[in-house]
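As a plain string of letters, each chain reads:
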Amino acid sequence: MTDLLYSEEEEALRSAVRDLLTDRCDAAAVLARAETDTPHDRELWKALAEGMGLAGLLVPEELGGQGATHREAAVVLEELGRAVAPTPYLTSAVVATEALLACEGPEATELLAALAAGRTVGALAVSLATAPGAPFNGVRHEEVGDQGGALHGELTGIADAVGADVLLVPAGGGLFAVHTAQDGVTVTPRTSLDLTRPLATVTFEGARARALTQDADAAVRRALRAGAALLASEQLGVAEWCLTETVRYTKERHQFNRPVGSFQALKHRLAQLWLEVVGTRAAARAAADALATGSADTDLTSALAQAYASPVAVRAAEEAVQLHGGIGMTWEHPVHLYLKRAKADSIAYGTAGAHREALAGLVELPAP
Amino acid sequence: MTDATELRLRTEEFLAAHPPASTDRGDFLKARFDAGLAWVHYPEGLGGLGAPRSLQAVVDAELEAAGAPDNDPRRIGIGLGMAAPTVLGFGTEEQKRRFLRPLWTGEEVWCQLFSEPGAGSDLAALGTRAVRDEASGDWIVNGQKVWTSSAHSARWAILIARTDPEQPKHRGITYFVCDMTDPGVDVRPLRQITGEAEFNEVFLTDVRIPDAHRLGAVGEGWKVAQTTLMNERVSIGGMRIPREGGMIGPVAKAWRERPELRTHDLHQRLMKLWVDAEVARLTGERLRQQLVAGQPGPEGSGMKLGFARLNQEISGLEVELLGEEGLLYDDWTMRRPELVDFTGREAGYRYLRSKGNSIEGGTSEVLLNIVAERVLGLPSEPRTDKDVAWKDLAR
């Protein structure tokens, strides 16, 4: 039976992550960092990944990880979403890690351990907009005589490539590991809608690569599915923050000699939003639990969670901006960071529409 | 007596003493009540054992597995869900002993005389009067109630009436148990937009209620009614529903079986509603798991809101999907069903009946206020009626 609740251990994990984020990741700091050249908070990442061991949650203990499950990773993502934390958790500890878990051989094992320890940050070099199961771009692979070869070409829309130590690159049907510091690799930051999850274009000019698997398709599909499923938990965190902050603000802000939160028109909108947040929690938990237990329902619950959570997170952020009135339009107030994250998340790992299409196939409700 | 193992054993012993296959249904139910296995969280002697509420699931599972008859909870839903907890909470010992057993076994059906033509969402504005007859001590009740399910088959009613019009509206109300066989009680079917009459209007003319049938103190009826209403809203959401178990089921079936009806626009809308329905189902399942784990969350307050909207949107889509067939209706014959079957008839019926889902048991607008105020802690709107005597209110 699908377990939709949080265990005591999961709640303890949540408190620990929330405490750390309260101390080290306040909105003003996130905002200040967003405009610098180093979008990721390295110190925060160190505390989360090395200090708390969170980067290795999905990696089995014998491979150097924590041997936890997607249920715990989902709880971490809820909290990171609540803080719009500028860390590569989703891209490195979930998506890149899942891709590596689909590979075999010493190269993959070594990289997995490095990612799990948080020493190395990885990124899958597939556009963030790609839905699980959708076609994706690769680059040209050239045999050079060693076990990897060299890569040539350009890939766009790569999330968290800025700041990544290793890229996992599809080329010629296989998946390859490329270190970003070496010759022949150029990571060009793009100006991203979401300031806290930067995108980049990556160019390879004869970059030396090491082979991870001949079946990039399976590895990428697995990685994107986990990304999509657990993104719903991040979206839940984003939506929760928006609702909580807006409720707090409308209780304090007075107009017409009463708190604006006492007007029925606003109360109904916030209550409606609460209902949708409650639904998002159920959907996100179902998806995380299905992944954790390897349920046959995993494809369905992942697509369901994305189809539902994406529009809810966007609506929560849009309502938050509107119900904060003028202050919601300012750069100083952090609500715009949440709007930008929510809107970018609604495209990440497939739009709600793409996931509804996937669902139609899964539940045999075909389009005409 | 709080242990699941002990309770399972007790249920097994009960089943051995009263084999469902060879025991009369009524006798079985009475014996089950007397054994404390009706609702285990009720006190001993009143159908329970004073055990935690969550253990009822243990008993129910054992009985179901043994093929035991149930007490038709749908038919006696108002009694079980609303009258019983109120009698238990506010009744005298004598009232509890008189009413609870036949209520639970279904020998006596209950209905609820709360809403009035002028007091629906603002229930506390009700105007049905109960006046004390000084000579006998009885109460004489006059007024009109509306939207009363099961009034035509009910033996008893829970009734709220105004006993002091000089008081502000919430304070002058008293709560009674009304005998529906009293000659002053006139039940008339209320035909609805579906063509049938599942509800009634109830006219009360000089109905005499003995003071022994009062629940709670004189003037405290609103407090008592809160227990009833709280239980009304909690009673949904406790069941496991399979995927496509609700209104989405028939539409999905039609979509699969009749490809000629499919259009791109309908497909977009169908998939969105399929997602919403599945998420609502998971939300209900999460609520159920919380209840079983003994940690009830506030999710329950929202379940009815979600289902009302979904039922309306899905059945609306279904009528449209059917195209020319959607122009037809199955049957406008006036009948008085004992039960409402939300999904049992055709699309047109589902569409019309679901319009009531956002009105009955609290309108969606009132429920949204409740969520906003009790769950989110938002302030209430300023009110002008609170300290004004009922007789001075604009009506």
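Residues numbered from 1 in each chain as written. Chains lettered and ligands numbered in written order. Predicted model: local features only at pLDDT ≥ 70, side-chain atom pairs only at ≥ 80, totals over all residues. Heavy atoms only, no water.

Per an unreviewed UniProt entry, chain B goes by Acyl-CoA dehydrogenase and derives from Streptomyces alboniger. In the Sequence similarities (unreviewed entry) part of its UniProt record, chain B is described as follows: "Belongs to the acyl-CoA dehydrogenase family." Annotation of chain B in UniProt includes, under Cofactor (unreviewed entry), the sentence "FAD". (UniProt positions renumbered as here; feature names shortened; annotations may be inferred.)

Looking at an unreviewed UniProt entry, chain A carries the name Acyl-CoA dehydrogenase, with the source organism given as Streptomyces alboniger. Listed in UniProt under the heading Cofactor (unreviewed entry), the comment for chain A reads: "FAD". In its Sequence similarities (unreviewed entry) section, UniProt records this for chain A: "Belongs to the acyl-CoA dehydrogenase family."

Visitor: Let's hear about the domain arrangement of chain B: which residues, and what values?
Guide: Residues and elements named next belong to chain B. Taken domain by domain, chain B comprises domain 1 (4–65), domain 2 (79–219) and domain 3 (226–375). Here the C-alpha centroids of domain 1 and domain 2 sit 30 Å apart. With eleven residues of domain 1 at the contact, the number on the domain 2 side is twelve residues. Counting the surface domain 1 buries against domain 2, the share from its top three residues, W39, Y42 and L46, is 46%. Here domain 1 is connected to domain 2 by two salt bridges. For the salt bridge of K30 with E107, the shortest nitrogen-to-oxygen distance reads 3.9 Å. (Domains from an automatic or database assignment. Contact = heavy atoms within 4.5 Å. Buried area = accessible area lost by both parts, 1.4 Å probe. Salt bridge = Lys/Arg side-chain N within 4 Å of Asp/Glu carboxyl O.)

Visitor: Quick one: what's the story with the nonpolar core, residue by residue and with numbers?
Guide: The nonpolar side chains of a soluble globular protein tend to be buried with one another. Of all hydrophobic cores here, the largest spans 165 residues; its most connected members are Y89, L124, L168, L175 and F204 of chain A. In terms of residue count, helix 7 (residues 216–252) of chain A provides more of this core than any other element does, 18 residues in total. In this structure L124 of chain A touches V95, A96, A99, I158, L168, L175, V220, A223 and L224 of chain A, once residues within four positions along its chain are discounted. Counting residues in hydrophobic clusters, the runner-up holds 33 residues, among them F33, A84, V87 and W104 of chain B. (Core = buried A, V, L, I, M, F, W, Y, C linked by side-chain atoms within 4.5 Å. Buried < 20%, exposed > 50% of the residue type's maximum accessible area, 1.4 Å probe, protein only. Helix = DSSP H or I, 4+ residues; strand = E, 2+ residues; numbered from the N terminus.)

Visitor: A description of the sheet that holds strand 3 (residues 150–159) of chain A should follow, citing residues and the corresponding values.
Guide: All names here are of chain A. The strand order across the open sheet formed by four strands is 2-3-7-6, and the pairing between neighbours is antiparallel. This sheet does not close on itself; its edge strands, each paired only once, are strand 2 (140–142) and strand 6 (185–189). Strand after strand, the sheet turns through a mean of 15 degrees between neighbouring axes, direction not considered. By the bridge criterion, five bridges tie strand 6 to strand 7 (residues 199–208) in an arrangement that is antiparallel. (Pairing = 2+ DSSP bridges. Axes fitted to C-alpha atoms, helices over the stretch in contact; angles between N-to-C directions.)

Visitor: Describe the packing of aromatic side chains, with residues and values.
Guide: Pairs of aromatic rings are described using the distance from one ring centre to the other and the angle between the two planes. All names here are of chain B. Going through the model one piece at a time under the given rule, you end up with 15 aromatic pairs over all chains. Taking 6.3 Å as the distance between ring centres and 45 degrees as the angle between the ring planes, the aromatic pair formed by F33 and W104 counts as tilted. Within this pair, whereas F33 is found in helix 2 (residues 25–34), its partner W104 is found in helix 5 (residues 93–105), the two being separated by 71 residues in sequence. Accessibility classification places F33 together with W104 in one group, the buried group. (Phe/Tyr/Trp six-rings, centres within 6.5 Å; stacked < 30°, edge-to-face > 60°.)

Visitor: Requested: an account of the UniProt feature "domain: Acyl-CoA dehydrogenase/oxidase N-terminal" (unreviewed entry) in chain A, with residues and values cited.
Guide: Per the UniProt entry, the sites bearing "domain: Acyl-CoA dehydrogenase/oxidase N-terminal" (unreviewed entry) are residues 7–95 of chain A in this numbering. As annotated, residues 7–95 of chain A has a helix share of 62% and a strand share of 0%, and its two end C-alpha atoms lie 24 Å apart.

Visitor: Tell me about the UniProt feature "domain: Acyl-CoA dehydrogenase/oxidase N-terminal" (unreviewed entry) in chain B, residues and numbers included.
Guide: Residues annotated in UniProt with the feature "domain: Acyl-CoA dehydrogenase/oxidase N-terminal" (unreviewed entry) correspond here to residues 27–107 of chain B. End C-alpha atoms of residues 27–107 of chain B are separated by 11 Å, and the span's content is 56% helix alongside 0% strand.

Visitor: Outline the pairing of strand 2 (residues 129–132) of chain B, supporting the account with residue identities and numerical values.
Guide: All names here are of chain B. Both strand 2 and strand 3 (residues 139–145) contribute to a ladder of four bridges, which runs antiparallel. Bridge assignment links A130 to a residue of strand 3, and that residue is V141. Hairpin connection from strand 2 to strand 3: six residues lie between these consecutive antiparallel strands, with G137 at a positive phi of about 85 degrees.

Visitor: Give a description of the domain arrangement of chain A that names residues and reports values.
Guide: Residues and elements named next belong to chain A. Along its sequence, chain A is carved into domain 1 (8–120), domain 2 (124–216) and domain 3 (218–362). Approximately 1,600 Å² of surface area, both sides summed, lies buried where domain 1 meets domain 2, with 65% of it carried by carbon and sulfur atoms. Among the residues domain 1 hides against domain 2, the three largest losses belong to H40, T91 and E107. Together they make up 29% of the total. At the boundary of domain 1 and domain 2, one finds one salt bridge. A salt bridge links E107 to R210, with the nearest nitrogen and oxygen atoms 2.3 Å apart. Take the side of domain 1 that touches domain 2: its biggest share by element is six residues, from helix 5 (residues 89–101).

Visitor: Please give an account of the environment of T120 of chain A that cites residues and values.
Guide: All names here are of chain A. Along the chain, T120 turns up in the loop between helix 6 (106–117) and strand 1 (122–124). Since its relative accessible area comes to 14%, T120 is described here as buried. For the pair T120 and E50, spaced 70 residues apart in sequence, the C-alpha to C-alpha distance is 10 Å.

Visitor: Break down the sheet that holds strand 8 (residues 210–213) of chain A for me, citing the residues and quoting the values.
Guide: Residue and element names in this part refer to chain A. Read across the sheet, four strands follow the order 1-4-5-8 without closing on themselves; strand pairing throughout is mixed. Only two strands of the sheet have a single neighbouring strand rather than two, namely strand 1 and strand 8. Averaged over all adjacent pairs, the angle separating strand axes in this sheet is 30 degrees, with direction ignored. Strand direction decides the pairing type here: strand 4 (residues 166–171) and strand 5 (residues 174–179), joined by six bridges, are antiparallel. Of the residues in strand 5, the one forming a bridge with V166 is H179. Packing of helix 6 onto the sheet brings it into contact with strand 1, strand 4, strand 5 and strand 8, and relative to strand 8 it is tilted by some 90 degrees.

Visitor: Any details on the packing of helix 8 (residues 264–293) of chain A against helix 8 (residues 264–292) of chain B? Residues and values, ideally.
Guide: At a minimum axis distance of 8 Å, the contact between helix 8 of chain A and helix 8 of chain B shows a crossing angle of 85 degrees. Comparing their axes, helix 8 of chain B and helix 8 of chain A come out roughly perpendicular. For the pair helix 8 of chain A and helix 8 of chain B, the contacting residues are V278, G279, R281, A282, A283, R285 and A286 of chain A in the first and V279, L282, T283 and R286 of chain B in the second. For the contact of helix 8 of chain A with helix 8 of chain B, the per-class residue count stands at six nonpolar, two polar and three charged. (Parallel < 35°, antiparallel > 145°, perpendicular 65-115°, else oblique. Nonpolar A, V, L, I, M, F, W, Y, C, P; charged D, E, K, R; others polar.)

Visitor: Residue-level account of the interface of chain A and chain B, with values.
Guide: Put simply, an interface is often sized by how much accessible area is lost when its parts join up. Facing the 44 residues of chain A at the interface are 44 residues of chain B. Contact between chain A and chain B buries roughly 3,800 Å² in total, counting both sides, with carbon and sulfur atoms accounting for 71%. There are three salt bridges connecting chain A and chain B. We note a salt bridge from R243 of chain B to D297 of chain A, for which the minimum N-O separation is 2.7 Å. Where chain A packs against chain B, one counts 16 residue pairs in polar contact (both at pLDDT 80 or more). The set of elements that each furnish at least two residues to the side of chain A that touches chain B consists of helix 7, strand 10 (258–259), helix 8, helix 9 (298–323) and helix 11 (352–362) of chain A. Counting residues per element, the side of chain A that touches chain B draws most heavily on helix 8 of chain A, which supplies 15 residues. (Polar contact = N/O pair within 3.5 Å; in protein donor to acceptor, adjacent residues only side chain to side chain.)

Visitor: Describe the pattern of salt bridges, with residues and values.
Guide: Applying the stated rule across the entire model yields 70 salt bridges over all chains. Close ionic contact of R345 of chain B with E196 of chain B constitutes a salt bridge, the shortest N to O distance being 3.1 Å. In this pair, R345 of chain B is assigned in the loop between helix 9 (300–321) and helix 10 (347–354) and E196 of chain B in the loop between strand 6 (185–190) and strand 7 (199–209), connecting sequence segments 149 residues apart. Members of the salt-bridge network, linked through shared partners, are E11, R14, R18, E78, E79, R82, E240 and R281 of chain A.

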